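# Observations on the three-dimensional arrangement
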Amino acid sequence: MAATDFNAPRLFLDIPMREGTRHTLDRAQANYLLSVLRRAAGEPVLVFNGRDGEWRAEIAPTGRKAADLVLTAQTRPQTPPGDLHYLFAPLKAARLDYVAQKAVEMGASLIQPVVTRRTQGDRIKLDKLHANAIEAAEQCGILALPEIRDAAPLAEAVAGLAPERLLVFCDEDAPVADPVAALRQAAAMHGGPGHGHGNDPLPLAVVIGPEGGFTPEERTLIGDRRNTVRLSLGPRILRADTAAVAVLALVQAVLGDGRPRA
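In this report, we go over the structure that sits alongside the text. From a predicted model like this one, the values you see are computed outputs, not experimental measurements.

### As for the overall build of the chain
- In terms of helices and strands, the chain carries seven helices and 12 strands.
- Principal-axis analysis of the C-alpha atoms places the extent of the chain at approximately 60 × 45 × 30 Å.
- Excluding contacts between residues fewer than 6 apart, the proportion of contacts in the chain whose partners are at least 24 apart in sequence is 75%.
- Approximately 13200 Å² of the chain is accessible, and the part contributed by carbon and sulfur atoms is 52%.
- Taking the average location of the 30 positive side-chain charges in the chain and that of its 31 negative ones, the two points are 3 Å from each other.

What follows is the structure, given as structure tokens:
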């Protein structure tokens, strides 16, 4: 990420990208660059579409409040996405925005809302989840956008996980123990990094419950799944949005793309 030019604004554009492509900005994008950031003709903008890497573009004004972008050169090739599924019980609107943005920043490749018995959040608006994912990717130099799925019942979402995917179950009733050791032990049991599959990271999933926690039946449903590790995040009960950031950082550092490479 350090190779990203954070002095240049970044925009997500859902268009094919190649040298010489000219794209007319919509009104909001043009206003952001010309009026809010006060960028002038020829100044650089970084653009990406989640498929073709990152490109440098130059502003070509076409009116007082309108502009095109002209792509000039690729600045970074597309990197392979990670393989971390984030399953979470929906939260209320403001905190849902936060969780979606942080999941993208932490490298989630799929975001899946799950409906539990104690879910209290409002109806999920997928377009808002997409908008938050794009905003986080724009601001943090991220090239790949996660797949975002519609809300599904918890049992359906868990059953839909591939058997080889290690599911990290954040369970407030799990014994308080060393979470790093628990993750490494789970990886060793299931052929994780350095345990039979070279240095490739395991396919991973994380499931976070609602503010009221999972019911006993839901904990049994998740815990009975093969290739699942129950994980405590310490002696304190965390809010769901706090737990999300904590466990995603932990999982990525120990088993995911944030761990040291051999």
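Read on, since the account is not over.
### Some details on the pairing of strand β7 (residues 110-115)
- In terms of burial, β7 is a largely internal element, five of the six residues being buried.
- Note that strand β6 (residues 84-88) and β7 share four bridges and pair parallel. The partner of Y86 across the bridge, within β7, is I111.
- Relative to strand β8 (residues 147-148), β7 runs parallel, the two sharing two bridges. What sits directly across from I111, in β8, is I148.

### Structural notes on the pattern of salt bridges
- Applying the stated criterion across every chain yields a total of 11 salt bridges.
- Close ionic contact of D97 with K128 constitutes a salt bridge, the shortest N to O distance being 3.5 Å. Here D97 is found in helix α2 (residues 93-105), whereas its partner K128 is found in helix α3 (residues 126-140), with 31 residues between them in sequence.
- Given a relative accessible area of 18%, D97 falls into the buried group.
- Within this structure, R10, E54 and R76 form a network of salt bridges that share partners.

### Side note on the sheet that holds strand β5 (residues 66-76)
- Spatial ordering of the open sheet is given by β1-β3-β4-β5-β2, a layout of five strands whose pairing is mixed. Of all the strands in the sheet, just β1 (10-12) and β2 (22-24) have a single pairing partner and so form its edges. Here the average twist between neighbouring strands, direction ignored, is 35 degrees.
- Relative to β5, strand β4 (residues 54-63) runs antiparallel, the two sharing nine bridges.

### Thoughts on the nonpolar core
- Formed by 41 residues in total, the largest nonpolar core has its most connected members in Y86, V168, L183, V206, I208, V247 and V251.
- Of all the secondary-structure elements, those providing two or more residues to this core are β6, α2, α3, β10 (166-170), α5 (179-189), β11 (204-208), β12 (228-231) and α7 (240-254).
- Examining the composition of this core, we find that eight residues originate from one element, α7, more than from any other.
- If sequence neighbours within four positions are ignored, V168 has contacts with L183, A205, V206, V207, V229, L231, V247 and V251.
- Residues I15, M17, L25 and L69 belong to the second largest nonpolar core, which totals 16 residues.

### Observations regarding the packing of α5 against α7
- One way to put it is that α5 packs onto α7 with a least axis distance of 10 Å and a crossing angle of 50 degrees. Comparing their axes, α7 and α5 come out oblique. Both α5 and α7 take part in a crossing whose hand is right-handed. Each of P179, V180, L183 and R184 in α5 lies in contact with α7, whose residues at this interface are L250, V251 and V254.

### Notes on the side chain of D171
- Following the sequence through the fold, D171 ends up in the loop between β10 and α5.
- Excluding residues within four positions of it along the chain, D171 makes contact with R219, R230, L231 and S232.

### Details of α3
- In this model α3 runs 21 Å from its N-terminal to its C-terminal C-alpha over 15 residues, within 8% of the 21 Å that 1.5 Å per residue would give.
- For α3, every residue scored as buried is listed here: L129, N132, A133, A136 and A137. Projection of α3 onto a plane perpendicular to its axis shows the buried side chains occupying an angular sector of 135 degrees, all on one side. Away from its buried face by more than 90 degrees, α3 exposes D127 and Q139.
- Positioned one or two residues after α3, G141 has a phi angle of 70 degrees, which is positive.

### Brief notes about the pairing of β5
- In this structure, β2 lies alongside β5, joined through three bridges in antiparallel fashion. Across the sheet, the residue bridging to R22 is V70, located in β5.
- With antiparallel pairing between neighbouring strands as the criterion, β4 and β5 make up a hairpin whose turn holds two residues.

Reading the values: the criteria
Residues numbered from 1 in each chain as written. Predicted model: local features only at pLDDT ≥ 70, side-chain atom pairs only at ≥ 80, totals over all residues. Heavy atoms only, no water. Helix = DSSP H or I, 4+ residues; strand = E, 2+ residues; numbered from the N terminus. Contact = heavy atoms within 4.5 Å. Areas by Shrake-Rupley, 256 points an atom, 1.4 Å probe, with all protein chains shown as cover. Lys, Arg positive; Asp, Glu negative; His and termini not counted. Charge placed at Lys NZ, Arg CZ, Asp CG, Glu CD. Buried < 20%, exposed > 50% of the residue type's maximum accessible area, 1.4 Å probe, protein only. Pairing = 2+ DSSP bridges. Salt bridge = Lys/Arg side-chain N within 4 Å of Asp/Glu carboxyl O. Axes fitted to C-alpha atoms, helices over the stretch in contact; angles between N-to-C directions. Core = buried A, V, L, I, M, F, W, Y, C linked by side-chain atoms within 4.5 Å. Parallel < 35°, antiparallel > 145°, perpendicular 65-115°, else oblique. Left-handed = near helix turned anticlockwise from the far one by under 90°. Expected span 1.5 Å × (residues − 1). Arc of directions from axis to C-beta.

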